[in-house]
Amino acid sequence: MKAAVLYGKGDVRVEEREVPRPAEGEALVRIRACGVCGTDAALFRGEYPAAVPVVIGHEFAGEVVESRTPALRPGDRVTADPNVICHECEYCRTGLEHLCERASSMGVHRDGADAEYCALPASNLYRFPDSLSFEEAAFAEPLACAAHGVDLAGVRLGDTVLVVGAGAMGNLIAQCARISGAARVVVSEPIALRREKALENGATDAIDPGATDLGAELRKIRRLGADVVFEVAGSPAAQAACVGLARKGGTVVWFGVAPPARRVEVSSFYVNENEVRITGSYNNQFATERAVRLLAERKVKVANLVSHRFRLSEYPAVFGAFGGKDTLKLMVDTGA
Ligand SMILES: [Zn+2]
Ligand SMILES: [Zn+2]
């Protein structure tokens, strides 16, 4: 089969690989669509530790072609939680599976989904209805992560939520915040296309931080600052700035992935005095099933988020486009 394999910093190659064999309890999936994630870009830049060489990609949907589990049958349309957990460590046994000490994540530690096939345990696979396209269902993983971030933040009815960075993930977080009852969802994003799509999908306000003062604009909407601020750009400077944009007692979620060695400088006095709560948000906690339901019930819009499509054979070109002007979600068509 064809697969896009990450060998190291700046080195990804499309090559022939053996089709994986499903173990007992697993299914073999013919992958039909795989989204490109900020994590993939960080992996390509050498800013995210990985067990290379590894097939890249983890946001996918496809069709079961061989099943060694009673839970699935050939022909089932499936998406996945790409993090294979141990079920044995203390985190797994206390409901914090997403923090498993021996987690093996597709596209990072184990072969991923920018390939024609993958094999995964039944417990990682989620069926979705025919009404969803493979491309739409490939959003289940990022949407599950977005839902987890919104769960952690505890967005409440009537809140003002600020989302810094409105790429695909920021857009999904903005939508989740809105349907959680936020009265105002403000996105800050320098790329015009992304601001436009955020407004189209339910954000109430979109600010270009290059053209205006974000803090001043936010305080025109809510004098105290935002109840919840999500940083989705993975920029340490923005992560620091977000702390000052939350109201007293507000919550800041550092959602974006920054390189491990980077540091954020914040005033601990300010955090202390204002009781700002800062939390990370990593992967998702039992959110994939809910993400599939949100997609199937059309509560979250994703079809208008795909800005570019690539064939699997063109995979190395993905990172030339990633993050560029007029880009949003890049999608890889892994073939019929
Ligand atoms: Zn992802
Ligand atoms: Zn575990």
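Residues numbered from 1 in each chain as written. Chains lettered and ligands numbered in written order. Predicted model: local features only at pLDDT ≥ 70, side-chain atom pairs only at ≥ 80, totals over all residues.

**Student:** Would you take a moment to explain the environment of Leu125 for this structure?
**Tutor:** Within the secondary structure, Leu125 is located in strand β10 (residues 125-127). Look at Leu125 and you get buried, because 22 C-beta atoms sit within 10 Å. Sequence spacing of Leu125 and Thr288 is 163 residues, and the spatial spacing of their C-alpha atoms is 9.2 Å. What Leu125 contacts, discounting residues up to four positions off in sequence, is Ala27, Leu72, Val78, Ala80 and Leu120. (Helix = DSSP H or I, 4+ residues; strand = E, 2+ residues; numbered from the N terminus. Buried ≥ 20, exposed ≤ 12 C-beta atoms within 10 Å, placed from the backbone. Contact = placed C-beta atoms within 7 Å.)

**Student:** Before we go on, may I ask you to explain the domain arrangement of the protein in this structure?
**Tutor:** Where interface size is quoted, it is often the accessible area lost as the parts come together. Each assigned domain of the protein is listed here: domain 1 (2-139 + 302-333) and domain 2 (146-280). Between the C-alpha centres of domain 1 and domain 2 the distance comes to 27 Å. Contacts between the two partners involve 12 residues from domain 1, matched on the other side by 13 residues from domain 2. When grouped by side-chain class, the residues that make up the side of domain 1 that touches domain 2 number four nonpolar, four polar and four charged. (Domains from an automatic or database assignment. Nonpolar A, V, L, I, M, F, W, Y, C, P; charged D, E, K, R; others polar.)

**Student:** How should the environment of Thr79 be read in this particular structure?
**Tutor:** Take Thr79: it is sitting in strand β6 (residues 77-80). Through-space distance from the C-alpha of Thr79 to that of Glu59 is 8.0 Å; in sequence the pair is 20 residues apart. Among residues more than four places away in sequence, those in contact with Thr79 are Phe60, Ala61, Tyr126, Phe128, Ala137, Ala138, Ala140, Glu141 and Val292.

**Student:** Even after reading the chapter, I still don't get the sheet that holds strand β2 (residues 11-16), so can you show me in this structure?
**Tutor:** The strands that make up a sheet pair up through hydrogen bonds in the backbone, lying either parallel or antiparallel. Taken in spatial order, the three strands line up as β2-β1-β4 in an open sheet, and their pairing is antiparallel. A strand with exactly one partner marks an edge of an open sheet, and here the two such strands are β2 and β4 (54-55). Of the pairings in the sheet, the one linking strand β1 (residues 2-8) to β4 comprises two bridges and is antiparallel in character. Bridging across to β4, Leu6 finds its partner in Val54. (Pairing = 2+ DSSP bridges.)

**Student:** Looking at this structure, I do not really get the packing of helix α3 (residues 140-153) against helix α4 (residues 168-179). What am I missing?
**Tutor:** Relative orientation and spacing of two packed helices are given, respectively, by the angle between their axes and the distance between those axes. Interhelical geometry of α3 versus α4 gives an angle of 50° and a closest axis separation of 9 Å. With respect to α4, the element α3 is oriented oblique. The way α3 lies across α4 gives a crossing that is right-handed. Counted together, Pro142, Leu143, Ala146, Ala147, Gly149 and Val150 of α3 and Ala168, Met169, Leu172, Ile173, Cys176 and Ala177 of α4 form the full contact between these two elements. Residue composition of the contact of α3 with α4, by class: 11 nonpolar, one polar and no charged. (Axes fitted to C-alpha atoms, helices over the stretch in contact; angles between N-to-C directions. Parallel < 35°, antiparallel > 145°, perpendicular 65-115°, else oblique. Left-handed = near helix turned anticlockwise from the far one by under 90°.)

**Student:** For this particular structure, what's the right way to read unusual backbone geometry?
**Tutor:** Keep in mind that most residues, glycine aside, have a negative phi and that most peptide bonds are trans. Val52 connects to Pro53 through a cis peptide bond whose omega is -5°. Here Pro53 is to be found in the loop between α1 (38-44) and β4. Of note, the phi angle at His87 is positive, near 65°, even though the residue is not glycine. Position of His87 relative to the elements: it lies in the loop between β7 (83-84) and β8 (104-105). A positive phi is found at Glu275, a non-glycine position, where the angle reads about 50°. Along the polypeptide, Glu275 turns up in the loop between α8 (268-274) and β16 (277-280).

**Student:** Would you explain the nonpolar core in this entry?
**Tutor:** One recurring pattern in soluble globular proteins: nonpolar side chains tend to sit buried together. Counting residues in each nonpolar core, the largest one holds 102 residues, and the members touching the most others are Leu143, Val163, Ile173, Val229 and Leu295. Broken down by element, this core gets its largest block of residues, eight residues, from α3. The residue makeup of this core includes at least three contributed by each of domain 1 (2-139 + 302-333) and domain 2 (146-280). Residues in contact with Val163, not counting those within four places in the same chain, are Gly170, Ile173, Ala174, Val185, Val187, Phe230 and Val232. (Core = buried A, V, L, I, M, F, W, Y, C linked by C-beta atoms within 7 Å.)

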